[in-house]
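Secondary and tertiary structure notes
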Amino acid sequence: QVQLVESGGGLVQAGGSLRLACAASGRVFTINVMGWYRQAPGKQRELVARITSGGSTNYADSVKGRFTISRDNVKNTVYLQMNSLKPEDAAVYSCNADIRTSFIDSYSYYWGQGTQVTVSS
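Quick look at the structure, then. Keep in mind it's a predicted model, so treat the numbers as computed, not measured.

What to know about the state of the cysteines
- One pass over the structure, following the stated rule, counts 1 disulfide.
- In this model, Cys 22 is linked to Cys 95 through a disulfide, with the two sulfur atoms separated by 1.9 Å. Here Cys 22, found in strand E3 (residues 18-26), pairs with Cys 95, found in strand E9 (residues 91-100); they are 73 residues apart in sequence, far enough to count as distant.
- On the basis of relative accessible area, Cys 22 is assigned to the buried category, the value being 0%.

Let's talk about the sheet that holds strand E1 (residues 2-7)
- Strand order in the open sheet formed by 4 strands is E1-E3-E8-E7, and the pairing between neighbours is antiparallel. Looking along the sheet, the strands with just one partner apiece sit at the ends: E1 and strand E7 (67-72). Adjacent strand axes in the sheet meet at a mean angle of 15 degrees, parallel and antiparallel pairs treated alike.
- Where E3 meets strand E8 (residues 77-82), 6 bridges bridge the pair, whose relative direction is antiparallel. Bridge pairing in E8 links Ala 21 to Tyr 79.

Observations concerning the environment of Tyr 79
- Note that Tyr 79 resides in strand E8.
- Take Tyr 79: its relative accessible area is 16%, and that puts it in the buried class.
- Counting along the chain gives 43 residues from Tyr 79 to Trp 36, while the straight-line C-alpha distance between them is 8.7 Å.
- Setting aside its immediate chain neighbours within four residues, Tyr 79 contacts Arg 19, Leu 20, Ala 21, Trp 36, Thr 68, Ile 69, Ser 70, Arg 71 and Asp 72.

Observations concerning the nonpolar core
- In terms of nonpolar packing, the biggest core is built from 30 residues, with Trp 36, Leu 80, Met 82 and Tyr 93 touching the most fellow members.
- Going through the elements one at a time, E1, E3, strand E4 (30-39), strand E5 (46-51), E7, E8, E9 and strand E11 (115-120) are the ones with two or more residues in this core.
- In terms of residue count, the dominant contributor to this core is E9 (5 residues).
- Setting aside residues no more than four positions away along its own chain, Tyr 93 makes contact with Glu 6, Leu 20, Trp 36, Tyr 37, Arg 38, Val 48, Phe 67, Leu 80, Met 82, Gly 114, Thr 115 and Val 117.

The rules behind these values
- Residues numbered from 1 in each chain as written.
- Predicted model: local features only at pLDDT ≥ 70, side-chain atom pairs only at ≥ 80, totals over all residues.
- Heavy atoms only, no water.
- Disulfide = S-S within 2.5 Å.
- Helix = DSSP H or I, 4+ residues; strand = E, 2+ residues; numbered from the N terminus.
- Buried < 20%, exposed > 50% of the residue type's maximum accessible area, 1.4 Å probe, protein only.
- Pairing = 2+ DSSP bridges.
- Axes fitted to C-alpha atoms, helices over the stretch in contact; angles between N-to-C directions.
- Contact = heavy atoms within 4.5 Å.
- Core = buried A, V, L, I, M, F, W, Y, C linked by side-chain atoms within 4.5 Å.

Have a look at this one:
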């Protein structure tokens, strides 16, 4: 019904930048909150940043000032610009979106498959 597909992960040196994208497709009627989460080996998944349909954002303290989340409501896509990357930012990054598939349905959370971000020191 709904697919979230991430792109943009990869290997970067510490101090470098990456831009992640996540596009929602399929039976997408409206999207409320979109967000990025990450999970490093042996650690719990954590919220990185989230953005509402109106553009309000919030960030994990560890990424404030370095990461920027944005979205294109026409393309149903959320982005994560990551600057000044640190080795501790390395993780699998997954997007999440709160989506209604029709005007009669309630919102449900959907997840992407994840994209690996590796930061070398």
